[in-house]
Structure formats: structure tokens, C-alpha cells
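Results of the structural survey
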Amino acid sequence: MRLSFRSRVRRLSLFLELVNRLLFSAVFGFVLIALVIHERYELGFGSLFHAGGEALTEQERLVVAYHEAGHVIAAWFDSNCPEILEVEARLTDGYDNLGQTNGKMTNLPTKPELICSIAFAMGGRVAEQLVFGQATAGTRSDIADATATAHRMVADYGMSSMLGIRHYDRNQGYSQDTLQLLEVETAHFIDQGYIAAEDTIAEHRAELEAVAEALLARNKLNKEDLEKLLGPRPPRPIIKPAL
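Residues numbered from 1 in each chain as written. Predicted model: local features only at pLDDT ≥ 70, side-chain atom pairs only at ≥ 80, totals over all residues. Heavy atoms only, no water.

1. Some remarks on the overall build of the protein chain
- Along the backbone of the protein chain there are seven helices and four strands.
- Put simply, the protein chain runs from its N terminus to its C terminus through helices and strands in the order α-β-α-β-β-α-α-α-α-β-α.
- Each of the 243 residues in the protein chain was classed as buried or not, and the buried ones make up 42%.
- Restricting the contact set of the protein chain to residue pairs at least 6 apart, pairs at least 24 apart contribute 75%.
- Approximately 13700 Å² of the protein chain is accessible, and the part contributed by carbon and sulfur atoms is 56%. (Helix = DSSP H or I, 4+ residues; strand = E, 2+ residues; numbered from the N terminus. Buried < 20%, exposed > 50% of the residue type's maximum accessible area, 1.4 Å probe, protein only. Contact = heavy atoms within 4.5 Å. Areas by Shrake-Rupley, 256 points an atom, 1.4 Å probe, with all protein chains shown as cover.)

2. Some details on helix α3 (residues 111-132)
- The end-to-end C-alpha separation of α3 is 31 Å, in line with the 32 Å expected for 22 residues at 1.5 Å each.
- At M122, α3 is bent by approximately 45°, the largest bend along its length.
- Taken from the residues just after α3, G133 is the one with a positive phi, measuring 80°. (Expected span 1.5 Å × (residues − 1). Bend = angle between axes of the 7 residues up to and from the residue.)

3. Some words on the pattern of salt bridges
- In this structure the tally under the stated criterion is four salt bridges.
- Salt-bridge contacts for R218 lead to D225; the nearest nitrogen and oxygen are separated by 3.2 Å. (Salt bridge = Lys/Arg side-chain N within 4 Å of Asp/Glu carboxyl O.)

4. Topic: the packing of aromatic side chains
- Throughout the structure, instances matching the rule amount to two aromatic pairs.
- Ring plane angle 85° and centroid distance 5.8 Å describe the contact between Y66 and F132, whose orientation is recorded as edge-to-face. Highlighted residues: Y66 in helix α2 (residues 58-76) and F132 in helix α3, separated in sequence by 66 residues.
- With relative accessibility at 11%, the residue Y66 sits in the buried group.
- Given the relative accessible area of 26%, F132 is considered partly exposed. (Phe/Tyr/Trp six-rings, centres within 6.5 Å; stacked < 30°, edge-to-face > 60°.)

5. Focus: the nonpolar core
- One finds V211 and L226 to be the most contacted residues of the largest nonpolar core, which totals 46 residues.
- Ranked by residue count, the leading element in this core is α3, at ten residues.
- Residues contacting L226, with those up to four places away along its chain left out, are V72, W76, I84, V87, V211, L221 and G231. (Core = buried A, V, L, I, M, F, W, Y, C linked by side-chain atoms within 4.5 Å.)

6. Overview of the state of the cysteines
- Summed over the entire model, instances satisfying the criterion amount to one disulfide.
- A disulfide bridge connects C81 with C116, and the sulfur atoms are separated by 1.7 Å. Disulfide C81-C116: torsion about the S-S bond near -70°, hence left-handed. Residue C81 is found in the loop between α2 and β2 (83-89), and its partner C116 is found in helix α3; the two are separated by 35 residues along the sequence. (Disulfide = S-S within 2.5 Å.)

The values are spatial; any link to function lies outside them.
Take a look at the structure:
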């Protein structure tokens, strides 16, 4: 049977729409996998334009140091945030990944703890913006981590008051209104974390400078080093069962 021109166009249109949906699902799935909630939360700082072995300029060394210091400060003074285990600014030649801050999340994070993990992720970008007046492309993985966390809060953990206690499978075909709400609520949680990071880092600007200077001098700081610079972290609140 010979198909009419209109039928062939229609079939081609449906095929392209299917391909587009499959590609979107694959890319979005990759973003979600990028975040590991349990045990260790690692934030890596790297540039699309830096290849391992290339020498960093003095300006780039400063950006990396303040970026990693921003992660530390965003999390250190809030007991809901991940526990900082180690921070490293790789300021010498030979690294593709220019910096990394390792934190430990609880096994069963609450909504405030997840918001604080977004603040932790955004701390590097906030520090760049505060100190240098602009952010670099090196914050791309932090944005992916924050987006993945916020989306899970909305789509998997039932933490959105607008969408309610529901699970939203990204492979299902939802209405445009529902998809827009998913996007709005994801952006809302990201904004909450970003604002929290801004407030904390602005309040503790002197501590940001201290951590950045220490990283420029030593490249790597562990938990004990940070406690000497910043003092002990506030204790994690213990939530007791309601009687």
C-alpha cells in the first residue's frame, strides 16, 4: 500500500517526537545519577577548557581556592548540612579536576538537610560571585548536583507542597501543566539552597578568606584542619519521637 505524502510526514513527525523523548529521558537520567545521596557527597570543580597538565594562572588559582572555600563555609555553620570531611584545591599541574570538597550526608536526609545539601553544592558558585563579581563555567557539576537533588525532592520524596505526596516517573507522559509545576518546584528548592548559601557566606566572609588562604598555602585541608580555622561545627539536632 502506497502512503500519501501527508501520511509519510505524519509518521516521520511521530518518529522524531519519540526519538526526542528518548533522548530527553537518557540525558535527564544521567543528571539524576550524578548525585549520590548516601555516604559521601563529592563536589568536583573543573573547567571545560582546562586539560590536565596545563599550568593554572594566578587568577585561576584564586578562583579554585575561593570556590572550594565557598563549599566549606556554606555547609560548616549549619548542622543540617553535610559533614565536611576534606577539601582540596588542586593548584598544581596534572589534574583535570581542579578541586574537590567531600562531605558526608545522613542515610535518611530530611527536607532541611536536602535544602542544605543544595546550599553546600551552590557554595562554590556563590563564593565566586561574591569575591570576583561573576561565576565561571567550573560550577557546572555543582549545578547538576543541586538540580538532581531538587528534582528528587519533588518527584521522588514527596516534599513539594504544590505537587503533594506523589512519585513522578520522568518516563510517563504528564500534562504540560504538571511538567511546568515540576520545573517550578525544582527551581524553588534550588533557589532556597542558593539563598541560604548566599546568606551564610556573606555572614562568614572572614572565614571564607581564611579557608581560601589556607588552601592556597597547603592545597588540602582535612576536618581537623578546618576545625582549627573555623571552630567546631554546631551539633546535629536530635529529633525525638513525639509522645
